[in-house]
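# Descriptive structure summary
Below are the chains, spelled out letter by letter.
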Amino acid sequence: GAVVSQHPSRVICKSGTSVKIECRSLDFQATTMFWYRQFPKKSLMLMATSNEGSKATYEQGVEKDKFLINHASLTLSTLTVTSAHPEDSSFYICSAREGEWGIETQYFGPGTRLLVL
Amino acid sequence: GENVEQHPSTLSVQEGDSAVIKCTYSDSASNYFPWYKQELGKRPQLIIDIRSNVGEKKDQRIAVTLNKTAKHFSLHITETQPEDSAVYFCAASITGNQFYFGTGTSLTVIP
């Protein structure tokens, strides 16, 4: 089946620093990748949708200057949390889909747990 | 945007009984409805999905029903087993371009 990896799995950083999270589709080309944020025992909140080669589409209330998304290739998307603050601490999960017509299935990465001190 | 509501938030059933989780959505343009199972500390896994041109779909012990008119869809798990214990999420999407998730149901199957 389709495999999506995410790196790092855990990161601890100081307040004010930036953190980059990578999401890779290992055995398929992902036209579209999604970034979610999940709070403990809560649902997945869609942050943004990124299509290869174009700017990401952010959901209402998500600061695009704070959460920079780059989808430079069909197998890699990155999320950079800029000037991180403790309230940015969360579980960030990416997912990817092939983008073929009629194939809506998204495959999730294992997630990245971010702790900002 | 789309608003997906999910009920109940927690559900406990005896092993062998059935479990039903219900979701409603607001955007009539949504046409793809997946269900995910997430075990503690792990990534969500797709367990079944349904498209708007189908009213019901079954895969062994799991079934999903969709009522487009009422804008609600349900997950049915029969003959539950302890390994079915997890958090289940419904989601709604327009052709897979964006996914909006329900709030989750924590299912506990009591042996």
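Before reading further, recall that the structure is shown in the block above.
Below is a short write-up of the structure.

All right, on to the overall build of chain B then. Looking only at helices and strands, chain B has 0 helices and 11 strands in total. The order of helices and strands in chain B, counted from the N terminus, is β-β-β-β-β-β-β-β-β-β-β. For 111 residues, the compact-globule estimate of 2.2 N^0.38 gives 13 Å, and chain B sits close to it at 13 Å. Taking the principal axes of the C-alpha coordinates as reference, chain B spans close to 40 × 30 × 20 Å. Nonlocal contacts in chain B, meaning residues at least 24 apart in sequence, comprise 53% of its contacts between residues at least 6 apart. Of note, chain B has its 10 positive side-chain charges centred 5 Å away from the centre of its 12 negative side-chain charges.

Our focus in this paragraph is the interface of chain B and chain A. Every contact between the two is made by 18 residues of chain B and, on the other side, 19 residues of chain A. At the junction of chain B with chain A, the criterion picks out 0 salt bridges. In this assembly, chain B and chain A are joined by 8 residue pairs in polar contact (both at pLDDT 80 or more).

Residue and element names in this part refer to chain B. Spatial strand order, E1-E3-E8-E7-E6: 5 strands in an open sheet with antiparallel pairing. Looking at strand neighbours, the two that pair on one side only are strand E1 (4–7) and strand E6 (56–59), the edges of this open sheet. On average, adjacent strands in this sheet sit at an angle of 15° to one another, irrespective of strand direction. Note: strand E7 (residues 62–67) against strand E8 (residues 72–77), 6 bridges, orientation antiparallel. Residue pairing in the sheet places Ala63 in a bridge with His76 of E8.

Structurally, the position occupied by Gln38 of chain B is in strand E4 (residues 32–38). Judged by relative accessible area, which is 8%, Gln38 of chain B ranks as buried. Engagement of the side chain of Gln38 of chain B in a polar contact is seen with the backbone oxygen of Lys42 of chain B, the distance being 2.9 Å. Setting aside residues up to four positions removed in sequence, Gln38 of chain B forms contacts with Gln38, Leu44 and Ile93 of chain A together with Arg43, Pro44, Ala86, Val87 and Phe89 of chain B.

Cut-off values and rules
Residues numbered from 1 in each chain as written. Chains lettered and ligands numbered in written order. Predicted model: local features only at pLDDT ≥ 70, side-chain atom pairs only at ≥ 80, totals over all residues. Heavy atoms only, no water. Helix = DSSP H or I, 4+ residues; strand = E, 2+ residues; numbered from the N terminus. Rg over C-alpha atoms; globule rule 2.2 N^0.38 Å. Contact = heavy atoms within 4.5 Å. Lys, Arg positive; Asp, Glu negative; His and termini not counted. Charge placed at Lys NZ, Arg CZ, Asp CG, Glu CD. Salt bridge = Lys/Arg side-chain N within 4 Å of Asp/Glu carboxyl O. Polar contact = N/O pair within 3.5 Å; in protein donor to acceptor, adjacent residues only side chain to side chain. Pairing = 2+ DSSP bridges. Axes fitted to C-alpha atoms, helices over the stretch in contact; angles between N-to-C directions. Buried < 20%, exposed > 50% of the residue type's maximum accessible area, 1.4 Å probe, protein only.

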